[in-house]
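Here is what each chain is made of, one letter per residue.
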Amino acid sequence: MQSPLPFFPEEASNFAGKVDAVFSFVLFTCLFFAVLVTLLTIYAAFKYRRNKPDEVGSQVEGNTLLEIGWTAIPLILALGMFAWGAVVYVNYRTAPKDTLDIYVIGKQWMWKLQQPNGKKEINELHIPVNRDIKLILGSEDVIHNFFVPAFRVKMDVVPGRYNTMWFRATKIGKYHFFCSQYCGTNHAAMGGWVTVMDPADYAAWLSDETGDINPVSAGEKLFSQLACVTCHIANGTGRAPSLNGVYGAKVLLADGSTVTADDAYIRESILQPKAKIVAGYQPVMPTFQGLVSEEQILSLTAYIKSLQSQPVPAKGAGIAPAPAGKK
Amino acid sequence: MPEKHYLNATYGIRSWLLTTDHKRIALLYLASVTFFFFIGGFFAMMIRLHLLSPNGYLLSADTYNRMFTMHGVAMIFFFLIPSIPAVLGNFLIPLMIGAKDLAFPKINLLSWYIYVVGGAFTLYSMVTGGLDTGWTFYTPLSTVYSNSAVAPAVIGVFITGFSSILTGLNFLVTVHTMRAPGMTWFRLPLFVWAHYATSVVMILGTPVIAITLALAGMERIFGLGFFNPAMGGDPILFQHLFWFYSHPAVYIMILPAMGVISELIPTFARKKLFGYHFVAAASLAIAVIGFLVWTHHMFLTGQSTYSALAFSFLTFLVAIPSAVKTFNWTATLFGGSISFDTPMLYAFGFLGLFLIGGLTGLFLGCLGIDMHVHDTYFVVAHFHYIMVGGAVMGYLGGLHFWWPKITGRMYPEWLARIAAFILFVGFNLTFFPQFVLGYLGMPRRYHVYPPEFQVYNVMSTAGASILAIGYLLPMIYLTWAAFYGKVAGDNPWPATGLEWKTPSPPPTENFEVTPVVTWDAYDFHNRPDLGLDVPGHSAVVQTHGNG
């Protein structure tokens, strides 16, 4: 049971303690100065109160040493706050390897979430405890923000791009999540619950078949419906590169640079195919902007991901050859 | 009272609507910003009443969203930004530097008309569908998805920006070219320095919001794709452009209030301001560094980590000049002769509230804390401590201080002290609980909320009711005092500024003889004309209309 006047929310992630620690440092430093200035003001107001109506104060211009002191000391403390906060934030913005990746789509005014095996949820997120979780965030319409107070993390969900956030839940339980970027009429209703489960329970929950179509097969179907398959031929003989083994690999581009084929690259290649042209190919692919929904992009991505283990053709693959002398 | 002064020099509605007297234009602004303050205040009251219950029975979701949006638009663009500069600055800057008017009196009148036209567009938007985008107009919500009257509101704010630019330009030219003989740069009252810094921000920043809103307006009205990702636009670009103005705009609101406080504290402590040069330099430093911190509103948009680090660092830097000012104000009190007249109570209130507002800014600038409290009530509480606790307290303190100069009559002292106390208590009760709400995780702009947040919301609403009384009282008694208050005399406090060396209310031309300045700002010791008991000097007895 919570106290009637709580001050800190529950600490339920790897970041909660870190954020609370830097918060407490800043809080006590600021309290010290606030109390100091307040006490000095009250003392001065009492000590130097006017006794006679025509009295004047003493003639003082200032004191350069004092000015330097009260510029330098707050500056040093401020830099300490900056540094500590920066360490926590950089950790938050740098996801570890081997995360459990969950797709999150925000739309006015609901959340659609998809587990790695394709299991879908609405306004509910089930995750295992003590496992690094990465959320890949996309929006169907306006900017939203995925915020879990008990985890002390949030990230904007921006249309037209993917953002990611990561955390590790440390306590089994049910926690609120909110949309914290104002998104129109029912912004306040756009929230739900994160359920943190024991890994065994999570595995059981995950395999409990609910009749959802597997995103890989949905993506495979789309891949032929949208006629992707007519150019992206698996054996590398098409007008477009084979997608076998592309996901996660480095792709050599026409301008000589390379790019890692991650979710964002695949999404961009579907919506703005001319943005990055694979070396050796013509910019002939039409855009699918407005023709595919964010959810369909996720399915296509899942399908392309499933081709990761397929044999890569010797010719006609989009993958960059390893530069000589390097691995 | 003098027989002829600026208020009775000419009569009739035309003599007001076509006036080029900076003092009359200041009163035109006073009437119009007060009008918008009470409109914005009404919306605020509706918001707080609605949030008494977690399920929010009072307003529908759409109505609530319109209330908080229009509260923000009315308060920021039509009250806070013009309040101190266009009312007190307009009235006082020529008087303080010994000039007959601003450099461009007709442009000054034009800027009021531009403000009125912009205000009319915005009011039109409020009555024909309202506005539900938040005062920040984030795209693509505002340009594509909103069903409210976005276009007239955007046009209104766009137009009003030009009023701000013209006022800033007028102040800069006036301060450069129209200072009285002997009024050197370092004899200027710090109120003038603060307005100088503010004017620089107005001139450099406002064109950016104008172009941003023009782009957003074109996207909304003609469907051109600047920010809409479905048309290849970038919604984050809008935020960069918007905050490039709107963060410095915070300093447009707070710098003038700091200027007022720098007048009140030396006057009521009867002592030179401690570290005059450092306080003047701090105003300029805030104006310059304030332009380099805008993406601290965007740490969680997915911006690059390096960018976040740079802007967090600069945000901590901009806090330092504000800290320097606070220390200098506090140091001024030591060795003073402090009275507790109403303007000084407002100055004390400002010190306390701005301290909390400024220090909580450090929490938000700190990346590791912002990732939790961003877009929660913590932010709401923080900026209300700056805007209301800082800017509005400064504005009200200034109105009380200069009311005898503006109207020639004193306000009722005890009633005013009680009102100042009510305001201070009501303000803290309204906004302090919101810091806790924010850390607990309540997002801002919510028309319904989980029941565990209710206790703090009820406190906040109770405080807002007290605050409302605190605002109504000064409006009533200041209006009353303008007609029936005790006659004030030229210099009732007494204070050292040039504005107090001319009758109250001043004549239309401000000074009958151009004054010659031979003293520093706030130099009570070299001002025998004030009739104070300076140690080592024999007091020259003068008569004052002091009550």
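Each value, and the rule that gives it
- Residues numbered from 1 in each chain as written.
- Chains lettered and ligands numbered in written order.
- Predicted model: local features only at pLDDT ≥ 70, side-chain atom pairs only at ≥ 80, totals over all residues.
- Helix = DSSP H or I, 4+ residues; strand = E, 2+ residues; numbered from the N terminus.
- Rg over C-alpha atoms; globule rule 2.2 N^0.38 Å.
- Buried ≥ 20, exposed ≤ 12 C-beta atoms within 10 Å, placed from the backbone.
- Contact = placed C-beta atoms within 7 Å.
- Pairing = 2+ DSSP bridges.
- Axes fitted to C-alpha atoms, helices over the stretch in contact; angles between N-to-C directions.
- Domains from an automatic or database assignment.
- Nonpolar A, V, L, I, M, F, W, Y, C, P; charged D, E, K, R; others polar.
- Parallel < 35°, antiparallel > 145°, perpendicular 65-115°, else oblique.
- Left-handed = near helix turned anticlockwise from the far one by under 90°.
- pLDDT = per-residue confidence, 0-100.

## Observations concerning the overall build of chain B
- If you tally the helices and strands in chain B, you get 15 helices and zero strands.
- Computed over the C-alpha atoms, the radius of gyration of chain B is 23 Å, within 12% of the 24 Å expected from 2.2 N^0.38 for a compact globule of 547 residues.
- A principal-axis box enclosing the C-alpha atoms of chain B has dimensions of 75 × 45 × 45 Å.
- By the burial criterion, 63% of the 547 residues in chain B qualify as buried.
- Within chain B, residue pairs in contact and separated by at least 24 positions form 83% of the contacts whose partners lie at least 6 positions apart.

## Some remarks on the overall build of chain A
- A tally of helices and strands in chain A yields six helices and twelve strands.
- Each of the three principal axes of chain A carries a C-alpha extent, and together these read 100 × 50 × 40 Å.
- Going through the 327 residues of chain A one by one, you find that 35% of them count as buried.
- Restricting the contact set of chain A to residue pairs at least 6 apart, pairs at least 24 apart contribute 69%.

## A few points about the sheet that holds strand β7 (residues 153-157) of chain A
All names here are of chain A.
- Taken in spatial order, the five strands of this open sheet run β4-β10-β9-β6-β7, and their pairing is mixed. Edge strands, defined here as strands with exactly one partner in the open sheet, are β4 (124-128) and β7. Geometrically, the sheet is characterised by an average inter-axis angle of 20° between neighbouring strands, direction not taken into account.
- As defined by bridge partners, strand β9 (residues 173-179) adjoins strand β10 (residues 192-197) across five bridges and the pair is classed as antiparallel. Pairing of Tyr 175 across the sheet is with Val 194, part of β10.

## Overview of the domain arrangement of chain A
All names here are of chain A.
- In terms of domain boundaries, chain A breaks down into domain 1 (100-207) and domain 2 (215-309).
- Each of domain 1 and domain 2 has a C-alpha centre, and these two points are 26 Å apart.
- With ten residues of domain 1 at the interface, the matching set in domain 2 holds eight residues.
- For the side of domain 1 that touches domain 2, the secondary structure elements donating two or more residues are β1 (100-107), β2 (110-114) and β5 (132-139).
- Of the residues assigned to the side of domain 1 that touches domain 2, the class counts are four nonpolar, three polar and three charged.

## A word on the packing of helix α3 (residues 61-97) of chain B against helix α7 (residues 190-222) of chain B
All names here are of chain B.
- For the pair α3 and α7, interaxial distance at closest approach is 10 Å and the crossing angle is 125°. Classed by the angle they form, the pair α3 and α7 counts as oblique. The chirality of how α3 crosses α7 is left-handed. Residues Pro 85, Gly 89, Leu 92, Ile 93, Met 96 and Ile 97 of α3 touch α7, and the partners they reach there are Phe 191, Val 192, His 195 and Thr 198.
- In the contact of α3 with α7, the residues fall into seven nonpolar, three polar and no charged.

## A short note on the confidence of the model for chain A
- Of the residues in chain A, 95% have a pLDDT of 70 or more, and the chain-wide mean is 89.
- Note that pLDDT drops below 50 for residues 322-327 of chain A; the model gives that stretch one contact with residues more than four away or on any other chain.

## Quick word on the packing of helix α8 (residues 235-269) of chain B against helix α10 (residues 305-333) of chain B
Residues and elements named next belong to chain B.
- It is the contact of α8 with α10, at a shortest axis distance of 9 Å, that shows an interaxial angle of 15°. By the angle between their directions, the pair α8 and α10 is classed as roughly parallel. Our pair here, α8 against α10, has a crossing hand that is left-handed. Residues Met 258, Ile 261, Ile 265, Pro 266 and Ala 269 of α8 touch α10, and the partners they reach there are Lys 325, Trp 329, Thr 332 and Leu 333.
- Counted by class, the contact of α8 with α10 contains seven nonpolar, one polar and one charged residues.

## Comments concerning the sheet that holds β1 of chain A
Residue and element names in this part refer to chain A.
- Taken in spatial order, the five strands line up as β3-β2-β1-β5-β8 in an open sheet, and their pairing is mixed. The strands lining the two open edges of the sheet, one partner per strand, are β3 (120-122) and β8 (163-168). Strand-to-strand, the axes of this sheet are offset by a mean angle of 25°, without reference to chain direction.
- Contacts between helix α6 (residues 294-306) and the sheet are confined to β1, β2 and β5, with β1 contributing the most and set at about 160° to the helix.

## Side note on the interface of chain A and chain B
- Contact residues are listed per partner, giving 80 residues for chain A and 81 residues for chain B.
- Where the side of chain A that touches chain B is concerned, the elements lending two or more residues are α1 (14-47), α2 (64-93), β6 (144-148), β7 and β9 of chain A.
- When the residues that make up the side of chain A that touches chain B are grouped by side-chain class, the tally is 46 nonpolar, 20 polar and 14 charged.

## Section: the pairing of β1 of chain A
All names here are of chain A.
- Strand direction decides the pairing type here: β1 and β5, joined by seven bridges, are parallel. Looking across to β5, one finds that Leu 100 is bridged to Ile 133.
- Hairpin connection from β1 to β2: two residues lie between these consecutive antiparallel strands.

## A closer look at the environment of Ala 275 of chain A
- Examined against the element boundaries, Ala 275 of chain A turns out to sit in the loop between α5 (263-271) and α6.
- Sequence separation between Ala 275 of chain A and Tyr 265 of chain A is ten residues, and the spatial gap between their C-alpha atoms is 9.8 Å.

## Observations concerning the pairing of β2 of chain A
Residues and elements named next belong to chain A.
- Here β1 runs beside β2; their pairing, made up of five bridges, is antiparallel. Its bridge partner lying in β2, Lys 107 is registered against Met 110.
- By the bridge criterion, three bridges tie β2 to β3 in an arrangement that is antiparallel. Of the residues in β3, the one forming a bridge with Gln 114 is Lys 120.

## Digging into unusual backbone geometry
Residues and elements named next belong to chain B.
- For the bond from Trp 493 to Pro 494, the omega torsion is -15°, close enough to zero to count as cis.
- Here Pro 494 lies in the segment after α15 (454-484).
- For the bond from Ser 504 to Pro 505, the omega torsion is -10°, close enough to zero to count as cis.
- Counting through the fold element by element, Pro 505 comes out in the segment after α15.

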